[in-house]
There are 4 protein chains.
Amino acid sequence: MPIARVHRISASAPNDVSGIETAIAAGRIDPTGVVAVLGKTEGNGLVNDFSRGLATTALTLLFERHLPKADAAQICLVMSGGTEGGMAPHWIVFERGEGEGGASPSLAIGRAHTPALPFEHLGRVAEVEQVAAGVRAAMRDAGISDPADIHFVQIKCPLLTAQRIAEADARGASVATRDTLKSMGLSRAASALGVAVALGEIAREKITDAQVGADWSLWSGRASTSSGIELVNHEIVVLGMSKSWSGPLAINHAVMADGIDIEPVRAALARLGLGASGQLDVAQRGKLVALLSKAEASHDGLLRGHRHTMLDDSDIASTRHARGFVCGALAGLVGHAEIYVSGGAEHQGPDGGGPVAVIVDRSN
Amino acid sequence: MPIARVHRISASAPNDVSGIETAIAAGRIDPTGVVAVLGKTEGNGLVNDFSRGLATTALTLLFERHLPKADAAQICLVMSGGTEGGMAPHWIVFERGEGEGGASPSLAIGRAHTPALPFEHLGRVAEVEQVAAGVRAAMRDAGISDPADIHFVQIKCPLLTAQRIAEADARGASVATRDTLKSMGLSRAASALGVAVALGEIAREKITDAQVGADWSLWSGRASTSSGIELVNHEIVVLGMSKSWSGPLAINHAVMADGIDIEPVRAALARLGLGASGQLDVAQRGKLVALLSKAEASHDGLLRGHRHTMLDDSDIASTRHARGFVCGALAGLVGHAEIYVSGGAEHQGPDGGGPVAVIVDRSN
Amino acid sequence: MPIARVHRISASAPNDVSGIETAIAAGRIDPTGVVAVLGKTEGNGLVNDFSRGLATTALTLLFERHLPKADAAQICLVMSGGTEGGMAPHWIVFERGEGEGGASPSLAIGRAHTPALPFEHLGRVAEVEQVAAGVRAAMRDAGISDPADIHFVQIKCPLLTAQRIAEADARGASVATRDTLKSMGLSRAASALGVAVALGEIAREKITDAQVGADWSLWSGRASTSSGIELVNHEIVVLGMSKSWSGPLAINHAVMADGIDIEPVRAALARLGLGASGQLDVAQRGKLVALLSKAEASHDGLLRGHRHTMLDDSDIASTRHARGFVCGALAGLVGHAEIYVSGGAEHQGPDGGGPVAVIVDRSN
Amino acid sequence: MPIARVHRISASAPNDVSGIETAIAAGRIDPTGVVAVLGKTEGNGLVNDFSRGLATTALTLLFERHLPKADAAQICLVMSGGTEGGMAPHWIVFERGEGEGGASPSLAIGRAHTPALPFEHLGRVAEVEQVAAGVRAAMRDAGISDPADIHFVQIKCPLLTAQRIAEADARGASVATRDTLKSMGLSRAASALGVAVALGEIAREKITDAQVGADWSLWSGRASTSSGIELVNHEIVVLGMSKSWSGPLAINHAVMADGIDIEPVRAALARLGLGASGQLDVAQRGKLVALLSKAEASHDGLLRGHRHTMLDDSDIASTRHARGFVCGALAGLVGHAEIYVSGGAEHQGPDGGGPVAVIVDRSN
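Treat the numbers as computed from the prediction; the structure is a model and nothing was measured.

*Asks:* Please explain the overall build of chain A as it appears in this structure.
*Replies:* Across its full length, chain A carries nine helices and 14 strands. A globule of 364 residues ought to have a C-alpha radius of gyration of about 21 Å, and chain A, at 19 Å, matches this closely. If you line up chain A on its principal axes, its C-alpha atoms span 55 × 50 × 40 Å. Relative to its full complement of 364 residues, chain A shows a buried share of 67%. Here the analysis covers contacts within chain A between residues at least 6 apart in sequence; of these, 83% occur between residues at least 24 apart. Carbon and sulfur atoms provide 54% of the accessible area of chain A, an area that totals close to 10700 Å². Charged side chains in chain A number 32 positive and 39 negative. The centres of these two groups are separated by 2 Å.

As structure tokens, this is what we get:
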């Protein structure tokens, strides 16, 4: 019977995988069972964020020391750049073990890779469909058939660079945007809608190219997508609850209506046994294995009726502003900032808000 | 009998004083009573933040339309640049009225201006002493003799620019630093120590030049200092409680031990009648007139044992990171982000933390 | 007979107009004759560049001290933000005097203001047409009928902010882009095409909305447009040679094919008597009254076959990169960096290049 | 008889070593002869520039595919981050071959690695001395005994991070600065003085800790130092002319007095046969193998009497401004921007200027 294990490990640099290496050496992590690694790395989370590529390289070299190259290549490496404010760079290693872990239903993990995305499909319905198919494949991999049992879908998607645009131009193909920074948002947007389609939150036929990255009334409550320069396809990880899995871990999710809407997250924590009126105490903090969240600046330039300036700041991208700000709100709730806040929540939760997943250890 | 009035007014741009103009026209603000205006403006809060100068110019022109130039010049204009994350640009107008306001003790306000600071004194004991004398003058102005009755001291202090350094060089005077960005921190540091000396938190003789901006074990729990390019002296505003003042407003303060230490702030709100287990509700939010706070990155690079990257980010100054992050934590507590978070908390609260003041309307 | 006078004056800050004040006091500048002031200010030249508003405010207050408000309001104030690299912040004051200045043909100046631009027209043919009409009006003001006699047209155009977009939305009008930074480029693009139409470089009917900011094969060799948050209409200044004007000043122009194509500028200087094989010597430098140029990153990501990274840098906008780089190339040619390089050359010269104007004093 | 070969190869990303791989496969580069690789990578060139680490990793993996690990580890990898403006990311591979290359004297290459630098020595005389010893070792490696025959010394030196400072603190050692960005400048400064000492430009006993990074009257005309987070020791490469080497390549150098002082560089090119009155023509450009330069903002805030704003810009570090600006000046001279401009010229050339080296192919 599968058992999901989740290891949150601090990183002292984008290529510091020593903590994972130590856990493998100590037998706490079995590399043959590693399904995915999510990483918060300290770059700008934008087009020229090389911390992600550096992290991916270090992780690949690490796993190739312990696994056949082909097996190492199967591990989803989802690097999300940007640790603004007090956010702590860290790895979240998702492992699939076997045995009788007791409590059930328990956390279940599934994964899938899509083929390479033609650059001209980026940010369009073609990408939505490719992602939806990938999410369904990942659900099958997790042994989850009911979309209601899925609490979070993490996707790493590609972006456009000046060179990739030129490549598409050379083929006479027209890309959705020539603005490389904007391409990150379009790719996140199409990928999120792909999740919504796979989970039955939005009917496929309701979505047109024009709505991608534009019609914010369309959104998924469980999608988290992140774009990076280091890949040209999609890497997909689904997280849910399943009776066919066992173990002490459980997952739940919430949707923040805006960047400071922490009460639904407080309720999700309570549903998993971590109820608290104020900030989580040290004991509760120890049971919180991982907190995954999205952040973005609301497109109307307002937060609860007051103006924010994130969209008008040409020195700092709005995604960087939003990550640090939302991380502060969530850290104030749970009592530490080693949390995974990923920027750019296009179609991920309502405009200005975003989905949040909490993974808790129910043992003792 | 003096009555303190505090008006929090949104700004749509650094020079948007229309909200204040409207309040004056409607008789809600009597310009002759205005003691100070605190402004959160949307610049970078660093050396080349021109949003502060633009705001100061607009406010000066506004008050000169309603007051004799000499009187307008008496109003302390403390512009704090930087509205990172969801922070809303806004003005906080402090007004001293006369009459019988009921409830007592009540919020009391005092102010003072220091002479111009010789650039070579910046960041040194000479600045500490000039500021301490200024705080005492402001306390006299507020009619407060016991330092224990002071809950917050807001100071705007000068900084060095390449030209000011050259000017000091020309006089053969040696400045404390040739790094203009660093000069902002040294000036905030010396000013905060000046408050600590005036409030009896630190004995003057305990402080040497070498400790300014270096020995973080020395701090004030009620100082908030902010540096700006647009002035060469200090503008000081003290806020406290006094039996000789009346009116519905009350102030209290808390000290955050780090950037996410919101429970002491929750307690301060409760002491003023705004107790809440989770986020303040809409009704409570309406009674919160103003929230003033400091933010900074801890110098050991850690937040509750986890690494933060604010000091290693050469693209975004740590003060910008810290403001947005701490604003998120506080906004999660009070339910909106039109709060005054000022960056650079050198000697203002413990390393990585900072003082917070809350002003509440006790009526009905 | 009109005589054009051009005064290049250094600024120590965005609101430092003391140099102009001094020149007026000394009688070197007659405020009643001032037609326009171009300013290079030290902000980021992007959406949240408040150095321009601060400069505009200071200049307005200055001229209102010397002229009736209505007359002061007629002066075109074209602030171009961004003094990257060694570029020196400065003012260029254009004055129209009367008398017999000798040499003819000589520099002639004309100006015009357009009505406010509805935000939904920004970046579209409607803006092209409004600007073309404005340029024709400015030519009439300069007394120049043949477009061939025009060497430079400087335009300051509006941009979109989150609030302006919301205002258009409220009216049910759809804006050309919701990306505020991108709106600056679209506005510069439409304004440049307006110049091309007015000067007969491109036929009006050849231009569609889709080509604005997209079809770089369309360009003007004499347009320089700059967008700013501080205005909602267009301010237009045309510079040319006219037999009906006299005086020692002459203007010529060149088109740089890319950011380092300085030889055409060397040739233009030679046409006005400043021939040099290497860098201009001190004597020649003294005769160069003003150098006005555009700069931008080529959209194919290449400079003479080598890759540049300006479009992939999410920390620094490409306009900031391009201004500093092109200023270096031109400063290497003329021997100082107090030159006016304005960013964003959409449809201003070929892709990656831009128009350059040189104004020389022919006396002695 | 040794023959120096220098290969300038474009990079499409920080980890794109395909051009070098291709040259090895084609036999143009013999990996066993590679002494050093200089790389211009597209990060910010500051503390959190991960493009350098990514490049170093890719180069190391490349050479380990062709050489024993121990030999690969001997190759000096000097990555200089920051390709502002139009600067093209590229590699410069320095190879030592054997045979009879004809022309002599010819370019000679030598290298050395220093031991790890204790973090508390960074920016102090102890670092100066460690570097001076390293330069002498590299001269011996090149077979050059007369310092007059050395035209350029490239050094990669370490910097401080929050963690490294904490590590020194833990040992009770006091570092020269706690400002990580400033530590880059101090390390470059001490390394440059080390070169000056080794080349006899400055007497060792003339240098005190207080002058490092402060007394700009002390400088080397041939040092180029660059700091990076990815190493804790120094990598040193010396370039000179030697009768004991043969081959078509020759090197010469110039010292720019400020950021636009290109005439001395024009003269150095002429000394190697590339005389030109204007910009180099295509044929001459083809003979220019490599151009290496330093850039920095002058500390008095002036360039030829006009103010620059590089030191007052808190959004963009002055090193980024200076690299893009100086690259523009040099590219205007040589006609392309695939040149190696390294930021931070503390004690490398006079204040605000810097050393420049040109390597030319004299064949046909």
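*Asks:* Would you take a moment to explain the relation of the copies chain A and chain B for this structure?
*Replies:* Each of the two chain copies can be generated from the other by rotation about an axis followed by a shift along it. For the match of chain A to chain B, the screw axis carries a shift of 0.0 Å, the RMSD comes to 0.0 Å, and the turn is 180°. Each copy turns onto its partner about a two-fold axis.

*Asks:* Any chance you could explain the UniProt feature "active site" (unreviewed entry) in chain A here in plain terms?
*Replies:* Residues and elements named next belong to chain A. In this structure's numbering, the residues bearing the UniProt feature "active site" (unreviewed entry) are Lys156 and Ser226. Their sequence span is 71 residues, while the largest C-alpha to C-alpha distance among them is just 4.9 Å; these annotated residues converge on one region. By the element assignment, Lys156 lies in strand 6 (residues 150-157). Dropping the residues within four chain positions of it, Lys156 is found in contact with Arg52, Val78, Met79, Ser80, Ser226, Ser227, Gly228, Glu230, Leu231, Asn233, His234 and Glu235. Along the polypeptide, Ser226 turns up in strand 7 (residues 223-227). Given the relative accessible area of 4%, Ser226 is considered buried.

*Asks:* Would you explain the UniProt feature "binding site: substrate" (unreviewed entry) in chain A in this entry?
*Replies:* Residues and elements named next belong to chain A. Here the UniProt feature "binding site: substrate" (unreviewed entry) sits at Arg52, Ser80, Gly81, Arg188, Ser226, Ser227, Arg323, Ser342 and Gly343. Apart from the residues within four sequence positions on either side, Ser226 is in contact with Met79, Ser80, Gln154, Ile155, Lys156, Cys157, Arg188 and Ser342. Summarising the element assignment, Gly343 is placed in strand 13 (residues 340-343). Non-local contacts of Gly343, meaning those with residues more than four positions away in its chain, are made with Arg188, Thr225, Lys294, Ala295, Thr319 and Arg323.

*Asks:* Any chance you could explain the sheet that holds strand 13 (residues 340-343) of chain B here in plain terms?
*Replies:* Strand-to-strand pairing in sheets goes through backbone hydrogen bonds, with the strands running parallel or antiparallel. All names here are of chain B. Strands sit in the order 9-14-10-13 across an open sheet of four strands; the sheet is mixed. Each end of this open sheet is capped by a strand with a single partner; those strands are strand 9 (249-256) and strand 13. For this sheet, the mean inter-axis angle between neighbouring strands, taken without regard to orientation, is 15°. Here helix 7 (residues 263-271) sits on the sheet in contact with strand 9, strand 10 (288-295) and strand 14 (354-361), set at roughly 160° to strand 9.

*Asks:* Where do I start with helix 7 (residues 263-271) of chain C in this structure?
*Replies:* Two residues of an α-helix separated by three or four positions point the same way, owing to the 3.6 residues in each turn. Residue and element names in this part refer to chain C. Among the residues making up helix 7, those that are buried are Val265, Arg266, Ala268 and Leu269. Down the axis, helix 7 shows its buried residues gathered within 160° of arc, on one side only. Looking at the packing, one finds that the buried side of helix 7 touches strand 9 (249-256), strand 10 (288-295), helix 9 (318-334) and strand 14 (354-361).

*Asks:* Would you take a moment to explain the domain arrangement of chain A for this structure?
*Replies:* Quoted interface sizes are often the accessible area lost when the parts come together. Residue and element names in this part refer to chain A. Here the domain parsing of chain A yields domain 1 (1-99), domain 2 (101-246) and domain 3 (248-361). Centre-to-centre, using C-alpha coordinates, domain 1 lies 22 Å away from domain 3. In this complex, domain 1 contributes 25 residues to the contact, which on the side of domain 3 involves 19 residues. Of the roughly 1700 Å² buried at the junction of domain 1 and domain 3 (both faces included), carbon and sulfur atoms supply 59%. Between the two partners, domain 1 and domain 3, sit three salt bridges. Note that Arg8 is salt-bridged to Glu338, the shortest N-O span being 2.8 Å. Connecting domain 1 to domain 3 are nine residue pairs in polar contact (both at pLDDT 80 or more). Of all the secondary structure elements, the ones that give two or more residues to the side of domain 1 that touches domain 3 are strand 1 (2-10), strand 2 (34-41), strand 3 (76-81) and strand 4 (90-98).

*Asks:* I would appreciate a short explanation of the pairing of strand 14 of chain C in the present structure.
*Replies:* The side chains of a regular strand alternate between the sheet's two faces. Residues and elements named next belong to chain C. Among the eight residues that make up strand 14, seven are buried, leaving the element largely enclosed by the rest of the structure. Here strand 9 runs beside strand 14; their pairing, made up of eight bridges, is antiparallel. Bridged to Met256 within strand 14 is Gly354. Of the pairings in the sheet, the one linking strand 10 to strand 14 comprises five bridges and is antiparallel in character. Pairing of Leu291 across the sheet is with Val358, part of strand 14.

*Asks:* Is there a simple way to think about the interface of chain A and chain C in this case?
*Replies:* Contacts between the two partners involve 18 residues from chain A, matched on the other side by 18 residues from chain C. The junction of chain A with chain C conceals about 1500 Å² of combined surface from both sides, 41% of it contributed by carbon and sulfur atoms. Sorting the residues of chain A by area buried against chain C places Asp312, Ser314 and Asp315 of chain A first, and these three jointly supply 35% of that buried surface. The tally of links between chain A and chain C comes to zero salt bridges. Linking chain A with chain C are 12 residue pairs in polar contact (both at pLDDT 80 or more). At the level of elements, helix 5 (162-170) and helix 6 (180-198) of chain A are the ones that each hand at least two residues to the side of chain A that touches chain C. Among the elements that line the side of chain A that touches chain C, the one with the most residues is helix 6 of chain A, at three residues. Partitioned by chemical class, the residues of the side of chain A that touches chain C number five nonpolar, six polar and seven charged.

*Asks:* Any chance you could explain the packing of aromatic side chains here in plain terms?
*Replies:* Centre-to-centre distance and the angle between the planes together describe a pair of aromatic rings. Tallied over the entire structure, the rule returns zero aromatic pairs over all chains. One cation-aromatic arrangement involves Lys40 of chain B over Tyr340 of chain B; the distance from NZ or CZ to the ring centre is 5.7 Å.

*Asks:* What exactly am I supposed to notice about the interface of chain A and chain B here?
*Replies:* If you look at the interface, chain A gives 44 residues, while chain B gives 44 residues. A per-residue breakdown of the area chain A buries against chain B is headed by His306, Arg307 and Phe325 of chain A, which together make up 20% of the total. In this structure, the connection of chain A to chain B is made through four salt bridges. For Glu42 of chain B, the salt bridge identified is with Arg307 of chain A, shortest N-O distance 2.6 Å. Applying the counting criterion to the chain A and chain B interface returns 22 residue pairs in polar contact (both at pLDDT 80 or more).

*Asks:* What is the right way to read the state of the cysteines from this model?
*Replies:* A covalent bond between the sulfur atoms of two cysteines is what we call a disulfide. Enumeration according to the criterion identifies zero disulfides over all chains in this entry. No disulfide involves Cys327 of chain B; its nearest neighbouring cysteine sulfur is the one of Cys327 of chain A, lying 14 Å away.

*Asks:* Looking at this structure, I do not really get the relation of the copies chain A and chain C. What am I missing?
*Replies:* The two copies are related by a screw motion: chain A maps onto chain C through a turn of 180° and a shift of 0.0 Å along the axis, at an RMSD of 0.0 Å. In this assembly the copies share their binding face: 100% of the residues contributing to the interface of chain A also contribute to that of chain C.

*Asks:* When you look at the environment of Arg266 of chain C in this model, what are you seeing that I'm missing?
*Replies:* You can see Arg266 of chain C is positioned in helix 7. When the C-alpha atoms of Arg266 of chain C and Ile3 of chain C are compared, they prove to be 26 Å apart, with 263 residues separating the residues in sequence. Residues contacting Arg266 of chain C, with those up to four places away along its chain left out, are Ala276, Ser277, Gly278 and Leu333 of chain C together with Ser277, Gly278 and Gln279 of chain D. A polar contact is formed between the side chain of Arg266 of chain C and the backbone oxygen of Ala276 of chain C, at a distance of 3.3 Å.

*Asks:* Can you walk me through the side chain of Ser242 of chain C in this structure?
*Replies:* Among the secondary structure elements, Ser242 of chain C is positioned in strand 8 (residues 235-242). On the basis of relative accessible area, Ser242 of chain C is assigned to the buried category, the value being 7%.

*Asks:* Would you explain the packing of helix 7 of chain B against helix 9 (residues 318-334) of chain B in this entry?
*Replies:* The description of two packed helices rests on the angle between their axes and on the distance between the axes. Residue and element names in this part refer to chain B. Contact pair helix 7 / helix 9: the axes reach a minimum separation of 10 Å and the direction vectors enclose 40°. Put simply, helix 7 runs oblique to helix 9. Between helix 7 and helix 9 lies a crossing of right-handed hand. The residues of helix 9 that touch helix 7, namely those facing Val265, Arg266 and Leu269, are Leu330, Leu333 and Val334. Grouping the amino acids of the contact of helix 7 with helix 9 by side-chain chemistry returns five nonpolar, no polar and one charged.

*Asks:* Would you mind going over empty space enclosed by the protein with me for this structure?
*Replies:* Over the atoms, a rolled probe matching the size of one water molecule traces out where space is still vacant. A full pass over the atoms with the stated rule returns 17 cavities of 30 Å³ or more. Its boundaries defined by the atoms lining it, the largest cavity holds a volume of some 180 Å³. The wall of the largest cavity is formed by 21 residues, among which Asp315 of chain A, Asp315 of chain B, Asp315 and Ile316 of chain C together with Asp315 of chain D lie closest to the centre. Residue classes in the lining of the largest cavity are distributed as nine nonpolar, four polar and eight charged.

*Asks:* Would you mind showing me how to read the pattern of salt bridges here?
*Replies:* Once their charged atoms are close, side chains differing in charge can pair, the charge on each being opposite to the other. For the coordinates displayed, the defined rule picks out 72 salt bridges over all chains. One salt-bridge network, held together by shared partners, links Glu84, Arg320 and Arg323 of chain A together with Asp313 of chain B.

Analysis parameters
Residues numbered from 1 in each chain as written. Chains lettered and ligands numbered in written order. Predicted model: local features only at pLDDT ≥ 70, side-chain atom pairs only at ≥ 80, totals over all residues. Heavy atoms only, no water. Helix = DSSP H or I, 4+ residues; strand = E, 2+ residues; numbered from the N terminus. Rg over C-alpha atoms; globule rule 2.2 N^0.38 Å. Buried < 20%, exposed > 50% of the residue type's maximum accessible area, 1.4 Å probe, protein only. Contact = heavy atoms within 4.5 Å. Areas by Shrake-Rupley, 256 points an atom, 1.4 Å probe, with all protein chains shown as cover. Lys, Arg positive; Asp, Glu negative; His and termini not counted. Charge placed at Lys NZ, Arg CZ, Asp CG, Glu CD. Least-squares fit on C-alpha atoms with pLDDT ≥ 70 in both. UniProt positions renumbered as here; feature names shortened; annotations may be inferred. Pairing = 2+ DSSP bridges. Axes fitted to C-alpha atoms, helices over the stretch in contact; angles between N-to-C directions. Arc of directions from axis to C-beta. Domains from an automatic or database assignment. Buried area = accessible area lost by both parts, 1.4 Å probe. Salt bridge = Lys/Arg side-chain N within 4 Å of Asp/Glu carboxyl O. Polar contact = N/O pair within 3.5 Å; in protein donor to acceptor, adjacent residues only side chain to side chain. Nonpolar A, V, L, I, M, F, W, Y, C, P; charged D, E, K, R; others polar. Phe/Tyr/Trp six-rings, centres within 6.5 Å; stacked < 30°, edge-to-face > 60°. Lys NZ or Arg CZ within 6 Å of the ring centre and 35° of its normal. Disulfide = S-S within 2.5 Å. Parallel < 35°, antiparallel > 145°, perpendicular 65-115°, else oblique. Left-handed = near helix turned anticlockwise from the far one by under 90°. 1 Å grid on protein atoms, 1.4 Å probe; cavity = no way out; pocket = protein on both sides within 12 Å on 5 of 7 lines; lining within 4 Å. Points joined across faces, edges and corners; volume = space filled by probe spheres on them.

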